[in-house]
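Results of the structural survey
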Amino acid sequence: VTATELTRRLGIELPIVGGAMYPCSNPELVAAVSEAGGIGVVQPMTLTHVYGHELRAGLRLIRGLTRRPIGFNAIVERSSRLYLERMRRWVDVALEEGVTLLVTALGNPDWVVARAHAAGALVFHDVTARRFAQRALDAGVDGLICVNDRAGGHAGDLSAAALFAELADLGVPLVCAGGIGDARDFADALALGYAGVQLGTRLIATPECHAHDDYKQAILRAKAQDIVRTEKLTGVPVAVIDGPWVRAMGTRAGPLARRLLRHRRAKHWVRALYSLRSLFTLPRAARRGLSAGGVFQAGCSVEHIDTIEPVAAIVRRFAASLPDAPP
Ligand SMILES: Cc1cc2nc3c(=O)[nH]c(=O)nc-3n(C[C@H](O)[C@H](O)[C@H](O)COP(=O)(O)O)c2cc1C
């Protein structure tokens, strides 16, 4: 019933990807998505920096919780040579530990494709528009994560339907990322023609996610109009829930930073500096809640999220919503 090109190619039961989340993808959450029949994606900075695991040991910990396929997030932006070298080592370790899906973002994924294909793994690249999709396909990726205007994290500008229309003829499986809060959103995305969905925000409001209860409650309370985009975290707009942190910080970078962010080379440095700061502020807020500033990243899917539920229950409900699902 739920077989799509995504499930067939990845050898999973249901077309549901548990998106990588900094700082929310703790090992138990990643494993729970895979164990439920989807595929959980490891965010390596979350595993190492937030949860303190050495990468290989952290991956083995997840492997101890599920033997089913897992994925790995490789952000391949060439902002720093040191960062890129570490990412190359990490991708090798991930493949050695049996990761079968690499979700790449931002830069040119050609080197990830070479390594992944040699190891029999697939690469899906995050895209927000056709020109990025074309570049990723030229680099040899196997599928696209189509990040729409309702997504948590770095959202796109196009609706799920508009993005599908732009990319449908490219001949690779398309995964809808953004705005999937309930079973109907899931069924609607598949009805549009997507081969699967990637969930972010929905998975934070689960017992398996180790985020602070303040964060989960903020997701349950929020409506789509409470989601605002701020440049104050990474230098490019990130979706967060409006609240005391947003009111104190504002959402736009200062005048100097804005000028530098338009500069071809300086923009990488400004983004690196911003990201370095949020490397610390985001996990503090996610783990300690409102008492640590309460900056909570989430997408418009908050609109349809009103209970904290185990991952397996969410996935089961989603699967049962498909038109030809067995009763
Ligand atoms: C808290 C949070 C952190 C995220 N961090 C990352 C990340 O580190 N890497 C990445 O590729 N995507 C990241 N994303 C995007 C998700 O993987 C996913 O594509 C997105 O959340 C889908 O939209 P949704 O939140 O409406 O489900 C993040 C999303 C959220 C909500």
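Okay, so let's go over this structure. What you are looking at is a predicted structure, and each value in this text was computed from that prediction instead of being measured.

1. Some remarks on the site of the ligand
The full set close to the ligand counts 21 residues, and Ala20, Asn73, Gln198, Gly200 and Thr201 are the nearest of them. Measuring from a nitrogen atom of the ligand, one finds a backbone N or O atom of tyrosine 22 at 3.0 Å. Side-chain polar atom of glutamine 43 to an oxygen atom of the ligand: 2.9 Å apart, as the coordinates give it. Computed on the free molecule, the ligand has an accessible area of 600 Å², of which 93% lies beneath the protein chains in the complex. For the shell around the ligand, the per-class residue count stands at 7 nonpolar, 12 polar and 2 charged.

2. So, the sheet that holds strand E7 (residues 174–177)
Sheet strands associate in pairs through backbone hydrogen bonding, adopting either a parallel or an antiparallel arrangement. Taking strand neighbours around the barrel as the criterion, the 8 strands line up as E1-E2-E3-E4-E5-E6-E7-E8 in a closed arrangement whose pairing is parallel. Averaged over all adjacent pairs, the angle separating strand axes in this sheet is 25°, with direction ignored. Taken together, the 5 bridges between strand E3 (residues 70–75) and strand E4 (residues 101–105) define a ladder with parallel strand orientation. Bridge pairing in E4 links glycine 71 to leucine 101.

3. Some points on helix H11 (residues 213–221)
The set of residues buried in H11 consists of Tyr215, Lys216, Ala218, Ile219 and Leu220. Looking at the packing, one finds that the buried side of H11 touches helix H10 (201–204), strand E10 (238–241) and helix H14 (266–288).

4. Examining the nonpolar core
Grouped together as the largest cluster of nonpolar side chains are 96 residues, with contacts concentrated most on Leu59, Phe72, Val91, Leu144, Tyr194 and Ile219. Among the elements that take part in this core, helix H5 (residues 81–96) stands out by supplying 7 residues, more than any other. Setting aside its immediate chain neighbours within four residues, valine 91 contacts Phe72, Ala74, Leu102, Trp111 and Val112. Within the second largest apolar cluster, 17 residues are counted, among which are Ile12, Val103, Ile145 and Val147.

5. Quick notes on helix H9 (residues 183–192)
Within H9, the full set of buried residues consists of Ala183, Asp185, Phe186, Ala187, Ala189 and Leu190. Taken together, the buried residues of H9 touch strand E1 (16–18), E7, strand E8 (196–199) and helix H15 (311–320). Of the residues one or two after H9, glycine 193 is the one with positive phi, at around 120°.

6. Notes on the environment of tryptophan 90
For tryptophan 90, the position within the fold is in helix H5. Since its relative accessible area comes to 10%, tryptophan 90 is described here as buried. Note: C-alpha distance between tryptophan 90 and alanine 74 (16 residues apart in sequence) is 8.5 Å. If sequence neighbours within four positions are ignored, tryptophan 90 has contacts with Pro44, Met45, Thr48, Leu55 and Phe72.

7. Focus on the state of the cysteines
On inspection of all chains with the given rule, the structure shows 0 disulfides. Not part of a disulfide, cysteine 209 finds its nearest cysteine sulfur in cysteine 24, a span of 4.9 Å. Just so you know, cysteine 300 is unpaired, no disulfide at all, and the nearest cysteine sulfur is the one on cysteine 176, 12 Å from it. The exposure class of cysteine 300 is buried, given its relative accessible area of 12%.

8. A closer look at the packing of helix H4 (residues 55–65) against H5
Interaxial distance between H4 and H5 falls to 10 Å at its minimum, and their mutual angle equals 30°. Classified by the angle between their axes, H4 and H5 sit roughly parallel to one another. The two elements H4 and H5 meet at a crossing, and its hand is right-handed. Between H4, through Leu55, Arg56 and Leu59, and H5, the contact on the second element is made entirely by Trp90, Val93, Ala94 and Glu96. A per-class count over the contact of H4 with H5 returns 5 nonpolar, no polar and 2 charged.

9. Focus: the pairing of E7
Taken residue by residue, a regular strand's side chains alternate between the two faces of the sheet. Neither face of E7 is exposed, since Leu174 and Cys176 on one face and Val175 and Ala177 on the opposite face are all buried. Looking at chain direction, strand E6 (residues 143–147) and E7 are connected through 4 bridges and run parallel. If you follow leucine 144 over to E7, its bridge partner there is leucine 174. Traced from E6 through helix H8 (residues 160–167) to E7, the parallel crossover comes out right-handed. The pairing of E7 with E8 spans 3 bridges and is parallel. Paired with valine 175 across the two strands is glycine 196, which belongs to E8.

10. Regarding unusual backbone geometry
Most of the time, phi is negative for any residue but glycine, and the peptide bond is trans. Look at the link from tyrosine 22 to proline 23: it is a cis peptide, with omega at 5°. Along the chain, proline 23 turns up in the loop between E1 and helix H2 (27–35). The phi torsion at leucine 106 lies on the positive side, around 80°, for a residue other than glycine. Within the element layout of this structure, leucine 106 appears in the loop between E4 and helix H6 (110–118). What makes leucine 106 exposed here is its relative accessible area of 56%.

11. Let's talk about the packing of aromatic side chains
The geometry of an aromatic ring pair is captured by two quantities: the separation of the ring centres and the angle between the planes. Per the counting criterion, the structure on display carries 3 aromatic pairs. Measuring from ring centre to ring centre gives 5.3 Å for phenylalanine 186 and phenylalanine 318, while their planes differ by 20°; the resulting arrangement is stacked. Remark: phenylalanine 318 occurs in helix H15 and phenylalanine 186 occurs in helix H9; sequence separation between them is 132 residues. The pair phenylalanine 186 / phenylalanine 318 is uniform in exposure class, with both members buried. One Lys or Arg, arginine 88, reaches over the ring of tryptophan 111 and ends 4.7 Å from the middle of that ring.

What counts, and where the lines are drawn
- Residues numbered from 1 in each chain as written.
- Predicted model: local features only at pLDDT ≥ 70, side-chain atom pairs only at ≥ 80, totals over all residues.
- Heavy atoms only, no water.
- Near = heavy atom within 4 Å.
- Polar contact = N/O pair within 3.5 Å; in protein donor to acceptor, adjacent residues only side chain to side chain.
- Areas by Shrake-Rupley, 256 points an atom, 1.4 Å probe, with all protein chains shown as cover.
- Nonpolar A, V, L, I, M, F, W, Y, C, P; charged D, E, K, R; others polar.
- Pairing = 2+ DSSP bridges.
- Helix = DSSP H or I, 4+ residues; strand = E, 2+ residues; numbered from the N terminus.
- Axes fitted to C-alpha atoms, helices over the stretch in contact; angles between N-to-C directions.
- Buried < 20%, exposed > 50% of the residue type's maximum accessible area, 1.4 Å probe, protein only.
- Contact = heavy atoms within 4.5 Å.
- Core = buried A, V, L, I, M, F, W, Y, C linked by side-chain atoms within 4.5 Å.
- Disulfide = S-S within 2.5 Å.
- Parallel < 35°, antiparallel > 145°, perpendicular 65-115°, else oblique.
- Left-handed = near helix turned anticlockwise from the far one by under 90°.
- Right-handed = clockwise from strand over helix to strand, strands pointing away.
- Phe/Tyr/Trp six-rings, centres within 6.5 Å; stacked < 30°, edge-to-face > 60°.
- Lys NZ or Arg CZ within 6 Å of the ring centre and 35° of its normal.

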